[in-house]
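Structure at a glance
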Amino acid sequence: MVTAWPTSSGNSKRVVVALKLLLVLLVMGAGLALRFDDLRVWEKRKNIWYLEENRPIFTSYDAFYFARLARDWQEGRYRAGKRDPYRFVPDNYLTDNITYPFPVPLMSFSAAKLSDWFGVPLEKLALYYTPITAVLFVIPLFLYLESLGYTAAGLLGGLCGVTALIYVIRTSIARFDTDSLNLFFPFAIAWALAMYFRGRRPLLWATIASILLLIFFFWYPVSHLMFVMVCTFIAVLLFEKKGRLEKKDIVALIILLVPNMWYLWKSPLSMFNYLKNLLVNIVSPAQEGFFGDFPNIMQSISELQQSKSINQVAALTLHNRILFIIGLLGMSSFFVRERKYLFFLLPYFLIGLLVFRSGNRFAMYLAPFIGMGLGFLIHFLIEKSSRILNLKVADSLKNLAILLITVILGVLIFWAQKNSRAYVALPKVNAFVARDMKKLGEITPPEAWIWTWWDYGYAFSYFSRRGVFIDGGSQTSPKTYYVALSFASSSPEEAYHIIAYLAREGLTGIKKRLKEDKLSAKELTENIKQGKFYQSLNHPVYWVFTQDLPLKYGWIGYFGTWNFGSRKGHFGFVYDLNPCRRASKTGLLFCKNSVLDLKKGTVRLGSRWFNLSKILVISGKDKVLQKTSFDSRGLILEVVNSRYGQTFYLADERSFRSNFNQMYILKNYDPKFFELVLDDFPFMVVYKVKWTP
């Protein structure tokens, strides 16, 4: 017996359409709410998270780079293809390879224009720019899957995408990074390519896809990401037409390829090198060519950690392992069932799966597919149950049932994303350091170069408007090793020779010595340290220490103590204990993740106790006020008095003797080589490197 459900009407269809539109808006609203919820916290911390009233500080390192390009454009300094005066000095003057990008990054250009039009600082604009653009991918993804009849897949794919922890992190307020549209373009392009085979005007869809490909490259100039989309279209076209292309197909290929060929031609080699570096060089500390003996700096980049478990990936995408696995299996079935029209999404699904092997960032590509898989299963189960029960269900009622289940599952998904709801984006530089960076631009000559660790390289270029030796886009060369060596060395003279050599010859000189002079990396390094290539500085250089460096000194010390024979270094240990509070009666000092017994000379780090060898109490001007020694060997406690109060650090013997510890914490430096020009400890300490010792 067949049970007939009521037939649909025009009114019910309109209700269903309205509900779908409302749910799309709710999905986008959920993404915006997760991001703008951070503003409540930011408003309470304006004194440390804002440089000025309307200038919040960026929440990613790369944001300072894109903002600096926007600022250069506003000030008329930007010259596409010409030397970039702020990056990778002195090599930008020794070669023609370090230039302003061509074309100008679309994000920087659009932000510069919007900043001018609305009369707001770039930082204020960035507070809203990234979150708003980040949720736009929901629209093409929904339209794509809705055109195939999979409403739930479109809605839940968008919801999982916008609420995934990794995507919330990478598209937070003030993030100002390209990730905010790196889902929009792939889904929009894939939709347009799929509609070529399903739409009424195939050449119009080919034109839309071609325009989107071009804009995508202007937004994110990684050509192999566009190349894979073109390749999937060609593959589907050849398969569908069995190699016999029609005239419209030839025209479509011309429309796709000709406007984009100027960058696509080098994509195969680019993709090969990218995958090789991604899957090989991160895992192995080995490097290629002349630089093979130097340490691989990529080991220290936390974003590139590998080999994640199901639980770890689920935490980044959909914070429920069972739903994650079901979604992944559902998406696999979805690809099989709709392989013809979903094939255009396959490259980005595979990119998402790279998260199991490589960087966390790939999880943001995977997250929408998990939701799509869950949504597909809703459709599949509704259809299956209708056939099993032999029900003739009106389309409108079936759609309402799908929407109801989608809403229920969507609420569960949003509830499961507890880490995304709890996440609060933090600025990469606090206001005290940012003000010191700005001040550095006022007290140094315009042509000055900054010698410091790479993380704040872009920030110095933005706030100080000064050139840097290494930054977040150039940290993988041997120059970073030599910066680390100057920090970890206990000899001020060695540090001076390293800085003087790099300031004159840079990476260009390193390559030349290794290639033409047939020196090994070890021989070159010894010669540099001993001053055998010494020439006095020919450019003003300032050595800068910042508050973030104790946390990073583990890897700095590791690279700076690199042994070319054993191919290992010693991890540095200058541990920032702050904040701390004293218990006067017991003699205990309670600090971050640690407890110190100042009477017994012991310290507990985690669950282990260590001995202290001595305690030094230092004023802000290289004056030891008090020294307490213990009989045992062990760690050294440094208590520094400054105008901001007392700060506490632990160091091992090796790190205590390093130039980093001596010059930054103790202000103990050799005036023959360096001159202290700014002491705003603990936020920033700056030394001028003397032209002639």
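Our subject is the structure that appears above.
For clarity, every value in this text was computed on a predicted model and none was experimentally measured. (Residues numbered from 1 in each chain as written. Predicted model: local features only at pLDDT ≥ 70, side-chain atom pairs only at ≥ 80, totals over all residues. Heavy atoms only, no water.)

1. Some remarks on the overall build of the protein chain
Per the secondary structure count, the protein chain includes 31 helices and 18 strands. Out of the 693 residues in the protein chain, the part that is buried amounts to 55%. Long-range pairs, those at least 24 residues apart, make up 67% of the contacts in the protein chain between residues at least 6 apart in sequence. Separation between the mean location of the 82 positive side-chain charges and that of the 49 negative ones in the protein chain comes to 7 Å. (Helix = DSSP H or I, 4+ residues; strand = E, 2+ residues; numbered from the N terminus. Buried < 20%, exposed > 50% of the residue type's maximum accessible area, 1.4 Å probe, protein only. Contact = heavy atoms within 4.5 Å. Lys, Arg positive; Asp, Glu negative; His and termini not counted. Charge placed at Lys NZ, Arg CZ, Asp CG, Glu CD.)

2. Some remarks on helix 26 (residues 478–488)
The element helix 26 is extensively covered by neighbouring structure, given that 11 of its 11 residues are classed as buried. Those residues of helix 26 not exposed but buried are Pro478, Lys479, Thr480, Tyr481, Tyr482, Val483, Ala484, Leu485, Ser486, Phe487 and Ala488.

3. Brief notes about the sheet that holds strand 5 (residues 449–451)
One open sheet holds the 5 strands; their spatial order is 6-5-7-18-17, and the pairing between them is mixed. In this open sheet, the two edge strands, each paired with only one partner strand, are strand 6 (467–468) and strand 17 (674–680). With 3 bridges connecting them, strand 5 and strand 7 (residues 541–546) associate as parallel partners. Residue tryptophan 449 lies in a different strand from strand 7, and its bridge partner there is valine 541. (Pairing = 2+ DSSP bridges.)

4. Concerning the layout of surface pockets
There is about 620 Å³ of room inside the second largest pocket. What lines the second largest pocket is a set of 21 residues, among which Lys428, Tyr456, Gln547, Asp548 and Leu551 lie closest to the centre. Here the lining of the second largest pocket gets 4 residues from one element, more than from any other, and that element is helix 29 (residues 549–560). Class assignment of the residues belonging to the lining of the second largest pocket gives a composition of 12 nonpolar, 4 polar and 5 charged. (1 Å grid on protein atoms, 1.4 Å probe; cavity = no way out; pocket = protein on both sides within 12 Å on 5 of 7 lines; lining within 4 Å. Points joined across faces, edges and corners; volume = space filled by probe spheres on them. Nonpolar A, V, L, I, M, F, W, Y, C, P; charged D, E, K, R; others polar.)

5. Quick notes on the packing of helix 26 against helix 28 (residues 521–529)
Running from N to C, helix 26 and helix 28 cross one another at 45°; their axes reach a closest spacing of 12 Å. Classified by the angle between their axes, helix 26 and helix 28 sit oblique to one another. Every pair of crossing elements has a handedness; the one defined by helix 26 and helix 28 is right-handed. Where helix 26 approaches helix 28, its residues Tyr481, Tyr482 and Leu485 are matched on the opposing element by Ala521, Leu524, Thr525, Ile528 and Lys529. Residues of the contact of helix 26 with helix 28, tallied by class, amount to 6 nonpolar, 1 polar and 1 charged. (Axes fitted to C-alpha atoms, helices over the stretch in contact; angles between N-to-C directions. Parallel < 35°, antiparallel > 145°, perpendicular 65-115°, else oblique. Left-handed = near helix turned anticlockwise from the far one by under 90°.)

6. Digging into empty space enclosed by the protein
Scanning the entire structure with this criterion turns up 1 cavity of 30 Å³ or more. Volume-wise, the largest cavity comes out at about 40 Å³. Looking at the largest cavity, the residues that line it are Ala488, Tyr553, Gly557, Thr561, His570, Gly572, Arg654, Ser655 and Ser658. Breaking the lining of the largest cavity down by element, the ones donating at least two residues are helix 29 and helix 30 (653–656).

7. Brief notes about the pattern of salt bridges
This structure, assessed with the given rule, holds 28 salt bridges. Linking lysine 20 and glutamate 146 is a salt bridge whose minimum nitrogen-to-oxygen distance equals 2.7 Å. Of the two residues, lysine 20 is situated in helix 1 (residues 10–36) and glutamate 146 in helix 8 (residues 138–147); the sequence distance between them amounts to 126 residues. Exposure remark for lysine 20: the relative accessible area of 11% places this residue in the buried category. A relative accessible area of 23% means that glutamate 146 is categorised as partly exposed. (Salt bridge = Lys/Arg side-chain N within 4 Å of Asp/Glu carboxyl O.)

8. A word on the nonpolar core
Counting residues in hydrophobic clusters, the biggest one holds 142 residues, and the most contacted among them are Phe176 and Phe233. Apart from the residues lying within four places of it in its own chain, the contact partners of phenylalanine 176 are Phe58, Ala63, Phe66, Ala67, Met107, Ala111, Ala126, Tyr129 and Thr130. Val89, Leu524, Tyr553 and Val640 belong to the second-largest nonpolar core, a separate cluster that totals 64 residues. (Core = buried A, V, L, I, M, F, W, Y, C linked by side-chain atoms within 4.5 Å.)

9. As for a nonpolar patch on the surface
Residues Val15, Leu19, Leu22, Leu26 and Leu400 make up a contiguous nonpolar surface patch of roughly 390 Å² in combined accessible area. Here the nonpolar patch takes 4 residues from helix 1, the largest share from any one element. When its relative accessible area of 43% is taken as the criterion, leucine 22 is described as partly exposed. (Patch = residues over 30% accessible without salt bridge, like charges linked within 9 Å, V, L, I, M, F, W, Y side chains within 5 Å. Areas by Shrake-Rupley, 256 points an atom, 1.4 Å probe, with all protein chains shown as cover.)

10. Describing the state of the cysteines
Enumeration over the complete set of coordinates arrives at 1 disulfide. Residue cysteine 580 pairs covalently with cysteine 591 via a disulfide, S to S 2.0 Å. Classification of the bridge connecting cysteine 580 and cysteine 591 rests on its S-S torsion, roughly 115°, and on that basis the disulfide is right-handed. With a gap of 11 residues between them, cysteine 580 in strand 9 (residues 580–583) and cysteine 591 in strand 10 (residues 588–591) connect regions that are remote in the sequence. Note on cysteine 591: relative accessible area 11%, which makes it buried. (Disulfide = S-S within 2.5 Å.)

11. Topic: helix 12 (residues 202–219)
In an α-helix, one full turn covers 3.6 residues, which means residues spaced three or four apart are oriented alike. In this model, helix 12 (18 residues) spans 25 Å end to end at C-alpha, consistent with the 26 Å of a helix rising 1.5 Å per residue. Among all positions in helix 12, only Pro202, Trp205, Ala206, Ala209, Ser210, Leu212, Leu213, Phe216, Phe217 and Trp219 are buried. (Expected span 1.5 Å × (residues − 1).)

12. So, the packing of aromatic side chains
Enumeration over the complete set of coordinates arrives at 75 aromatic pairs. Taken together, a centroid distance of 5.2 Å and an interplanar angle of 90° make the contact between tryptophan 73 and phenylalanine 109 edge-to-face. Here phenylalanine 109 lies in helix 6 (residues 106–118) and tryptophan 73 lies in helix 4 (residues 61–74), a separation of 36 residues in the sequence. Tryptophan 73 gets classed as partly exposed once you look at its relative accessible area, which sits at 32%. Seen from the ring of tryptophan 415, arginine 421 lies directly overhead, with NZ or CZ sitting 4.9 Å from the centre. Sitting over the face of the ring of phenylalanine 88, lysine 479 holds its NZ or CZ atom 3.5 Å from the ring centroid. (Phe/Tyr/Trp six-rings, centres within 6.5 Å; stacked < 30°, edge-to-face > 60°. Lys NZ or Arg CZ within 6 Å of the ring centre and 35° of its normal.)

13. Observations regarding the pairing of strand 17
In terms of strand pairing, strand 17 meets strand 18 (residues 684–689) through 6 bridges, oriented antiparallel. The partner of phenylalanine 674 across the bridge, within strand 18, is valine 689. What sits between strand 17 and strand 18 in their antiparallel hairpin is a turn of 3 residues.

14. Overview of the packing of helix 17 (residues 310–317) against helix 18 (residues 321–337)
Packing of helix 17 against helix 18 brings their axes to within 9 Å, and their N-to-C directions diverge by 90°. Considering their axes alone, helix 17 and helix 18 lie roughly perpendicular with respect to each other. Contact residues: helix 17 offers Ile310, Asn311, Val313, Ala314 and Thr317, while helix 18 offers Arg321, Phe324 and Ile325. Classifying every residue of the contact of helix 17 with helix 18 by side-chain character gives 5 nonpolar, 2 polar and 1 charged.

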